[in-house]
Amino acid sequence: MAHAASVHGASAASHTTSGPCHERVAVVAHRPIADRTWRIRVESPTLAAATLPGQFAMLRIPGRTDPLLARPLAVYDVFPGPDGRPRYVDFVYAVHGRFTTALAGLPPGEELAVWGPLGNGFDPPPVGHLVLVAGGIGQTALLAVARERSGLARYGSPARLRPRAERITFCWGGRTAAVFGDVADFEAAGCDVHLATLDGTAGVHGTVVDLLDSLAGAGKLGATDSLRVATCGPDAMMAAVARWTAAREIPCEASLETPMACGIGICFTCVAPIRDSDGGWDYRRTCVEGPVFDAASIVW
Ligand SMILES: Cc1cc2nc3c(=O)[nH]c(=O)nc-3n(C[C@H](O)[C@H](O)[C@H](O)COP(=O)(O)OP(=O)(O)OC[C@H]3O[C@@H](n4cnc5c(N)ncnc54)[C@H](O)[C@@H]3O)c2cc1C
Ligand code: FES
């Protein structure tokens, strides 16, 4: 699946949507890209045109009641059709439980029920050096951020224009080298890519925070006042990244992977404790008020 240089040309503004769409879409490609990790492409011009970096969709396999509830997956990226307009949407997922196990057996030509785009996504203010920090399967929420902030792609309908970052660094931590799939996407997005593995089979031997320490120690991150971090991954990993950034007064946004049932703000299964400006905290719905929050506001 080759990357298009940009999904939005001048004609993109003619695509308009109002809120999330709910539709059945055809699977047009599906392949394994790493250990227990798959990449699936669906045809959905509506979702492709409307999605912003860091947003997600809820997915179900039609006709199945096990699992009954849809599952959230981040939109990995969107691609144009032959007419140059946004047409295809890619998701990347780790085989985990009942939904992702069933999904891995779905061949091209079958259908998926999809609703989205959902959530707020990443939209950091102008930044000199954007550092994207992924753990596990958390890279899925970050590729479009890199492509938008490197000026390679525009997203949304009408296509939004965001200032380019002077530098983008992508740090990815995983169990072992075999879990990293399609790393080249981040290189093609203009990122300086660095890996960390717990077993030492690729990159720095340790966690992604060990990797941040190593890059900072080697002077590869530059002045902290030009840095901004966007992170996605398991809670414990993001909490460690949040502590690392807070200790250096580096702004950080985190995308939570809280389990969700409806994805549209109705069921309250996805709440996370978020600090208020007055020093207290309250539960916020990750699906509509997130999944991206200021990392310093999350009660980890
Ligand atoms: C906004 C958002 C975006 C996401 N994007 C992606 C993505 O791009 N790719 C991807 O692979 N996954 C992503 N996830 C996570 C994915 O939705 C869950 O892993 C989902 O539960 C998998 O469904 P399943 O039926 O295969 O596993 P389940 O049967 O739901 O889960 C199996 C086991 O994992 C536990 N579990 C489920 N979800 C979580 C969680 N979030 N944290 C900790 N434990 C959990 C369950 O308690 C259970 O024990 C995202 C989640 C959110 C909220
Ligand atoms: S998943 Fe239902 S309110 Fe968020």
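Calculation rules
Residues numbered from 1 in each chain as written. Chains lettered and ligands numbered in written order. Predicted model: local features only at pLDDT ≥ 70, side-chain atom pairs only at ≥ 80, totals over all residues. Near = placed C-beta within 6 Å. Helix = DSSP H or I, 4+ residues; strand = E, 2+ residues; numbered from the N terminus. Nonpolar A, V, L, I, M, F, W, Y, C, P; charged D, E, K, R; others polar. Domains from an automatic or database assignment. Contact = placed C-beta atoms within 7 Å. Buried ≥ 20, exposed ≤ 12 C-beta atoms within 10 Å, placed from the backbone. Core = buried A, V, L, I, M, F, W, Y, C linked by C-beta atoms within 7 Å. Pairing = 2+ DSSP bridges. Axes fitted to C-alpha atoms, helices over the stretch in contact; angles between N-to-C directions. Arc of directions from axis to C-beta.

### What about the site of ligand 1?
With respect to spatial proximity, 21 residues lie near ligand 1, and among them Y93, G97, F99, T100 and T140 are the closest. Of all the secondary-structure elements, those providing two or more residues to the shell around ligand 1 are β4 (71–74), β6 (86–94) and α2 (98–103). At four residues, β4 tops the list of elements feeding residues into the shell around ligand 1. Of the residues assigned to the shell around ligand 1, the class counts are 13 nonpolar, five polar and three charged. When residues of the shell around ligand 1 are assigned to domains, at least three fall in each of domain 1 (16–118) and domain 2 (129–257).

### Let's talk about the domain arrangement of the protein chain
Under the domain assignment, the protein chain is made up of domain 1 (16–118) and domain 2 (129–257). The straight-line distance from the C-alpha centre of domain 1 to that of domain 2 is 23 Å. Counting residues at the interface gives 20 residues for domain 1, matched by 18 residues for domain 2. The set of elements that each furnish at least two residues to the side of domain 1 that touches domain 2 consists of β1 (21–34), β2 (37–43), α1 (45–50) and β6. Here the side of domain 1 that touches domain 2 gets three residues from one element, more than from any other, and that element is β6. Class assignment for the residues of the side of domain 1 that touches domain 2 results in twelve nonpolar, five polar and three charged.

### So, unusual backbone geometry
Leaving glycine out, the prevailing phi sign among residues is negative, and the prevailing peptide bond configuration is trans. In this structure, the amide linkage connecting G116 to the following residue, P117, adopts the cis form with an omega of 0 degrees. Tracing the chain through its elements places P117 in strand β7 (residues 111–118). The backbone of E249 sits at a positive phi, close to 55 degrees, despite the residue not being glycine. Within the element layout of this structure, E249 appears in the loop between α6 (235–247) and β13 (252–255). A residue is classified by how many C-beta atoms lie within 10 Å of it, and E249, with 10 of them, is exposed.

### With respect to the nonpolar core
Counting 80 residues, the largest nonpolar core has A57, V75, L132, L142, A146 and V241 as its most contacted members. For this core, the two domains that each supply at least three residues are domain 1 (16–118) and domain 2 (129–257). Excluding its chain neighbours within four sequence positions, the residues that come into contact with V241 are V133, V209, V229, T231 and C252.

### Some details on the sheet that holds β13
With mixed pairing, seven strands are arranged side by side in an open sheet as β11-β10-β9-β8-β12-β13-β16. Looking at strand neighbours, the two that pair on one side only are β11 (204–205) and β16 (292–294), the edges of this open sheet. In the packing of α6 onto the sheet, the strands contacted are β8 (129–135), β9 (167–174), β12 (227–232) and β13, and the crossing angle to β13 comes to about 175 degrees.

### Side note on helix α5 (residues 208–217)
Listed in full, the buried residues belonging to α5 are V208, L211 and L212. Seen from one end, α5 has its buried residues packed into an arc of 100 degrees, which puts them on one side. G219 occupies a position one or two residues after α5 and carries a positive phi of about 70 degrees.

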